[in-house]
Amino acid sequence: MNETPRFDAYRHAIPDTLMPRRDDPFDAAVPPIYQTSLFLFDSYKELEDVFAGRSKKPIYSRGDNPTVQLLERRIAEMEGAEEARAFASGMGAIAAAVLAFVGPGDRIVTVRHVYSDAFRFFEKVLKRFGVVVDYIDGTDTEAMIAALPGARLAYLENPTSMVFELQDLPVIAEAARRHGVVTIVDNSWATPLYQNPLALGIDLVIHAASKYLGGQSDTVAGLVAGSKAHIGRINSEIYPYTGAKLAPFEAWLVLRNLETLPFRMRHHHEAGLEVASWLDAHEDVTNVMHPALGEHAGKRTFSGFGGLFSFEVSDRIDVANFVDALRLIRIGVSWGGPESLVVPAKAALSISPETNVFARFGVSDRTIRLNVGLHSAAAVISDLEQALLTARR
Ligand SMILES: *Cc1c(COP(=O)(O)O)cnc(C)c1O
């Protein structure tokens, strides 16, 4: 990467119109948690007007809840979307967004190494309903475009979250539009601060808010953002009937943690790059998979980077001993919170290729995924250094 990515902590400062205190009788600085399942009506007329869509008001919290709606509006604003919908998890958002657009006999084009449970959703659930899924090397733009004609949906993840392969979003989005293919991008890694897929022509954006948006490892939540028409279809066809709504308290946790997102992301960006560069120069590291490094560097669509990436160790390093020698860095599968974490691909590769995307599409058993949390780069590097030394055969 030649140029230093731009960082503007205040680009996405919460707009005044969304500040909750405007409607709050006590001028509370922080929005209330509407911990209620139902909302009351003063009259037959009011109820009928709301049912008929003549006036707007929440009816029941499996549909709308004001605390959850505040989060939905903020994410829509940050992604430049007309609307957003929150879910109980990232998978809830993924399943609803996909189910709203595919039916029996339809074909989905996706990337190999797609998020492992999205892969299982495709293989275990959608296949039972006759949906066909093509897994393509997302870095091969021509192959992606060649797969589009006749497909219903292109499901992308930029970058993928184990081997960090990139897709050329503007080019794929343009081709998809020509062929009438709906496009979805999982943007959990870059967050709305560092990549806005809708501005690149993509139809729908997914967030696993369990990761950076929540940012504290205390919440599982998901969102999908897009046009009024696309979100409207998710709302009318799927959302109320699969029931994966977000709890008001968890929406509140994500809202709270959004306030620190720019500051956390600046740290993940800077510390992640510093640790990745250090690993890149280490004699026992053979490959660093970070979207800022190497031939596929993603200059075009990112204004900054997440702190999650992978690297491969040389065969002089015993993977299990390396992982066990880490002290500051813990072993754990999620990411985006304060903890620095590793996941060794080797541990997952024993799962059958039927249900394991990494075994199916070839991830080296020397691959280690690293989440650079809120620790200093120096602290993470010194832990990696001592563990690499300890694990050297
Ligand atoms: C974790 C994750 C998801 C799923 O989110 P959940 O909230 O765990 O359901 C989706 N995509 C990516 C890239 C993830 O890392």
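Here is a short report on the structure shown in this document.

Criteria and cut-off values
- Residues numbered from 1 in each chain as written.
- Predicted model: local features only at pLDDT ≥ 70, side-chain atom pairs only at ≥ 80, totals over all residues.
- Heavy atoms only, no water.
- Near = heavy atom within 4 Å.
- Polar contact = N/O pair within 3.5 Å; in protein donor to acceptor, adjacent residues only side chain to side chain.
- Areas by Shrake-Rupley, 256 points an atom, 1.4 Å probe, with all protein chains shown as cover.
- Helix = DSSP H or I, 4+ residues; strand = E, 2+ residues; numbered from the N terminus.
- Nonpolar A, V, L, I, M, F, W, Y, C, P; charged D, E, K, R; others polar.
- Phe/Tyr/Trp six-rings, centres within 6.5 Å; stacked < 30°, edge-to-face > 60°.
- Buried < 20%, exposed > 50% of the residue type's maximum accessible area, 1.4 Å probe, protein only.
- Pairing = 2+ DSSP bridges.
- Axes fitted to C-alpha atoms, helices over the stretch in contact; angles between N-to-C directions.
- Contact = heavy atoms within 4.5 Å.
- Salt bridge = Lys/Arg side-chain N within 4 Å of Asp/Glu carboxyl O.
- Expected span 1.5 Å × (residues − 1).

### Some remarks on the site of the ligand
- Around the ligand sit 14 residues in total, of which G90, M91, D186, S210 and K211 are the nearest.
- Separating an oxygen atom of the ligand from a side-chain N or O atom of K211 is a distance of 2.6 Å.
- The fraction of the free accessible surface of the ligand (380 Å²) that becomes covered by protein chains is 90%.
- Ranked by residue count, the leading element in the shell around the ligand is helix α3 (residues 90-99), at three residues.
- A class-by-class count of the residues in the shell around the ligand yields seven nonpolar, four polar and three charged.

### Looking at the packing of aromatic side chains
- In total, this model carries 13 aromatic pairs according to the counting rule given.
- Relative to F361, the ring of F119 has its centre 6.4 Å away and its plane inclined at 85°; by these criteria the two rings are edge-to-face. Here the residue F119 occupies a position in helix α4 (residues 116-125), and F361 occupies one in helix α14 (residues 357-361), the gap between them amounting to 242 residues.
- Look at F119 and you get buried, because its relative accessible area is 0%.

### A closer look at the sheet that holds strand β12 (residues 367-371)
- With respect to topology, five strands assemble into an open sheet ordered β8-β9-β12-β11-β10, the strand pairing being mixed. Every interior strand has two partners, whereas the edge strands, β8 (285-289) and β10 (330-331), have only one.
- Of the pairings in the sheet, the one linking β10 to strand β11 (residues 341-344) comprises two bridges and is parallel in character. Its bridge partner lying in β11, I331 is registered against V342.

### As for the sheet that holds strand β6 (residues 204-208)
- Spatially, the seven strands line up as an open sheet ordered β1-β7-β6-β5-β4-β2-β3, and their pairing is mixed. Single-partner strands in this sheet number two, and they are β1 (83-87) and β3 (132-136). Mean inter-strand twist for the sheet, computed between neighbouring axes without regard to direction, equals 20°.
- Pairing analysis gives five bridges linking strand β4 (residues 153-157) to strand β5 (residues 182-186), with the strands arranged parallel. Opposite A154, over in β5, you have T183 as the bridge partner.
- This element, helix α8 (residues 228-237), spans β1, β5, β6 and β7 (222-226) of the sheet and lies at about 30° to β1.

### What to know about the pattern of salt bridges
- A full pass over the atoms with the stated rule returns 22 salt bridges.
- The partner of R85 in a salt bridge is E72, with the nearest N and O atoms 3.2 Å apart. Of the two residues, R85 sits in strand β1 while E72 sits in helix α2 (residues 66-79), which places them 13 residues apart along the sequence. Of the two residues, R85 and E72, neither departs from the other in class, the shared state being buried.
- Ionic pairing is found between R178 and E174, a salt bridge with its closest N-O pair at 3.3 Å.

### Section: helix α15 (residues 377-390)
- Under the 1.5 Å per step criterion, the end-to-end length of α15 is 20 Å for 14 residues, consistent within 8% with the ideal 20 Å.
- Those residues of α15 that fall on the buried side of the exposure criterion are A377, V380, I381, D383, L384, Q386, A387 and L388.
- Check the buried side of α15 and you find it contacts α11 (261-280), β9 (308-313), α12 (319-325) and β12.

### Thoughts on the environment of E79
- One can find E79 in helix α2.
- Judged by its relative accessible area of 2%, E79 is buried.
- Between the C-alpha atoms of E79 and Q195, which are 116 residues apart in sequence, the distance is 8.5 Å.
- In contact with E79, not counting residues within four places along its chain, are N187, P192, Q195, N196, P197, L198, V205, H207 and A225.

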